[in-house]
Amino acid sequence: MEPQTDTTRIVISVDAMGGDRGPSAVVDGIVESAEKNPDVSFLIHGNEAELKKLVARRKPLATRCEIRATERVVTMDEKPSYVMRNGAGTSMWSAVDSVRNGEAAAAVSCGNTGALMAVSMLRLRKLPGVNRPAIASAWPSRNAHEFNVMLDMGADVRADAEDLVQFAVMGASYARNALGLAEPRVGLLNVGTEENKGRAELKAAHELMPAAAGISNFAYIGFVEGNDILGDRADVIVTDGFTGNVALKTAEGTAKLVADSLREAFQKSPLSRMAALLAMPSLKRFSRRMDPRRSNGGVFLGLNGMVVKSHGSADATAMAAAINLAIRLARAGFQDRLASRVATALATLQTGTTAGSTNSGATE
């Protein structure tokens with residue numbers, strides 16, 4: 001498959017071997033996406049013999065996919081440093097290289113998150129001026145558009161003030177393209193909304209945010225708290241990767257607890273089972289709104305290429321959601337827009353910081 005030259009034709013590169021459910025679930029997810037996106041083709045990376053059997057049984061993929069044979073798989077327990085040195089020849093490495101070589105608009109994988117970020121950084125490199133890439137994920141929310149964006153979700157546990165400002169610029173661009181928001185509202189996650197609260201890097205980022213907002217066309221609303229993550233006060237929540245990942249895993253656990261508790265409550269007695277039948281339409285609407293599979297897919301922001309990380313345990317529905325996200329962003333030209341916006345914002349902020357330092361020195 002030649003490098004993409006037709007801008008109307010989208011190719012998505014998929015690592016078929018990294019998930020907990022095996023390549024069958026991944027291929028089923030590709031089928032779901034293919035049926036909804038007839039203009040999209042796929043590069044599928046993994047065990048050739050196994051993938052040929054799976055693809056042969058799925059007619060929607062007959063003329064729209066190419067299998068890239070790889071001999072090895074990155075396992076969930078492999079360290080990122082090891083994969084960076086020895087990952088060539090794996091399905092994950094091959095999928096990312098397709099983006100690097102211009103053959104695909106985006107890569108999608110449900111493999112080892114740390115390894116995927118390491119390989120992506122190694123093969124695609126960071127955008128000029130970006131200190132740390134970030135993982136952005138969509139969360140169900142009370143907003144009219146039903147989702148909020150949060151980053152970083154665990155690309156790096158650390159983030160200083162400059163990193164947090166870069167996250168805001170990238171997160172706003174993502175929300176603009178993924179959620180269709182002209183001027184996303186950005187909040188900085190803290191332990192309170194008062195300006196005197198929080199760590200030093202949060203206070204420093206808070207001071208820098210208004211300038212970044214003016215340059216990058218987002219509305220900075222100040223500090224937000226944990227209960228705003230699922231609320232309607234902000235569209236983009238900015239935090240460090242440690243906090244973001246803890247919040248993500250807590251939300252996943254809470255959603256499972258609520259679902260299991262409802263199931264147990266409605267099965268407790270014949271009367272409760274009758275009540276469940278009466279409530280079924282409402283329960284289905286609630287289940288769909290809170291279904292994490294609908295928002296599956298974390299986008300790696302800050303790289304010279306688009307990579308979408310699917311949950312490791314993704315089934316076909318969740319995998320299709322991650323692929324559809326990649327397609328939607330590719331259609332919007334998100335990668336080029338992000339690179340342009342980041343370059344403009346960083347250059348302007350750097351000029352302002354330098355000028356401020358010079359003026360400050362002149363008055364002393």
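The structure displayed is predicted, hence computed values, not measured ones.

Undergrad: Account for the packing of aromatic side chains, with residues named and values stated.
TA: Within the structure shown, the criterion is met by 1 aromatic pair. Ring centres of Tyr174 and Phe334 lie 6.0 Å apart, and the angle between their planes is 65°; on these two criteria the pair is classed as edge-to-face. Of this pair, Tyr174 sits in helix 6 (residues 161-178) while Phe334 sits in helix 11 (residues 334-363); the two residues are 160 residues apart in sequence, bridging distant segments of the chain.

Undergrad: Describe in detail the packing of helix 6 against helix 7 (residues 200-216), supporting the description with residues and values.
TA: With their axes 8 Å apart at the nearest point, helix 6 and helix 7 run at an angle of 40° to one another. Comparing their axes, helix 7 and helix 6 come out oblique. Between helix 6 and helix 7 the crossing geometry is right-handed. Contacts between helix 6 and helix 7 involve Ala161, Leu164, Val165, Ala168, Val169 and Arg176 from the former and Glu201, Leu202, Ala204, Ala205, Leu208, Met209, Ala212 and Ser216 from the latter. Partitioning the contact of helix 6 with helix 7 into residue classes produces 11 nonpolar, 1 polar and 2 charged.

Undergrad: Can you explain the side chain of Thr70? Please cite residues and give values.
TA: Tracing the backbone through its elements, the reader meets Thr70 in the loop between strand 3 (65-69) and helix 3 (80-86). Not counting residues within four places of it along the chain, the set of residues in contact with Thr70 comprises His45, Gly46, Asn47, Gly89, Thr90, Ser91 and Ser94.

Undergrad: Tell me about the pattern of salt bridges, and please be specific about residues and values.
TA: According to the stated counting rule, one finds 14 salt bridges in the structure shown. Glu48 is the partner of Lys52 in a salt bridge, and the nearest nitrogen-oxygen pair spans 3.5 Å. Of this pair, Lys52 and Glu48 both sit in helix 2 (residues 48-56), separated by 4 residues, roughly a single helical turn. Residue classification places Lys52 among the partly exposed positions, given a relative accessible area of 49%.

Undergrad: Just give me the short version of the domain arrangement of the protein, but keep the residues and values in it.
TA: For the protein, the assigned domains are domain 1 (8-130 + 302-332) and domain 2 (131-295). A separation of 25 Å is found between the C-alpha centroids of domain 1 and domain 2. The three residues of domain 1 that bury the most area against domain 2 are Met117, Val130 and Leu329, which together make up 33% of that side's buried surface. Run the count over domain 1 and domain 2 and you get 0 salt bridges. Where domain 1 touches domain 2, the interface holds 3 residue pairs in polar contact (both at pLDDT 80 or more). Of all elements in the fold, only helix 5 (113-124) and helix 10 (316-331) reach the threshold of two or more residues within the side of domain 1 that touches domain 2. With 6 residues, the single largest contributor to the side of domain 1 that touches domain 2 is helix 10. Residue composition of the side of domain 1 that touches domain 2, grouped by class: 9 nonpolar, 5 polar and 3 charged.

Undergrad: Could you give an account of unusual backbone geometry, with specific residues and numbers?
TA: The linkage connecting Leu151 with the following residue, Asp152, adopts the cis geometry, with an omega of 5°. You can see Asp152 is positioned in the loop between strand 6 (147-151) and helix 6. Phi is positive for Glu146, which is not a glycine, with a value near 75°. Although it is not a glycine, Asn217 adopts a positive phi angle of roughly 60°. As for its placement among the helices and strands, Asn217 is situated in the loop between helix 7 and strand 8 (219-224).

Each value, and the rule that gives it
Residues numbered from 1 in each chain as written. Predicted model: local features only at pLDDT ≥ 70, side-chain atom pairs only at ≥ 80, totals over all residues. Heavy atoms only, no water. Phe/Tyr/Trp six-rings, centres within 6.5 Å; stacked < 30°, edge-to-face > 60°. Helix = DSSP H or I, 4+ residues; strand = E, 2+ residues; numbered from the N terminus. Axes fitted to C-alpha atoms, helices over the stretch in contact; angles between N-to-C directions. Parallel < 35°, antiparallel > 145°, perpendicular 65-115°, else oblique. Left-handed = near helix turned anticlockwise from the far one by under 90°. Contact = heavy atoms within 4.5 Å. Nonpolar A, V, L, I, M, F, W, Y, C, P; charged D, E, K, R; others polar. Salt bridge = Lys/Arg side-chain N within 4 Å of Asp/Glu carboxyl O. Buried < 20%, exposed > 50% of the residue type's maximum accessible area, 1.4 Å probe, protein only. Domains from an automatic or database assignment. Buried area = accessible area lost by both parts, 1.4 Å probe. Polar contact = N/O pair within 3.5 Å; in protein donor to acceptor, adjacent residues only side chain to side chain.

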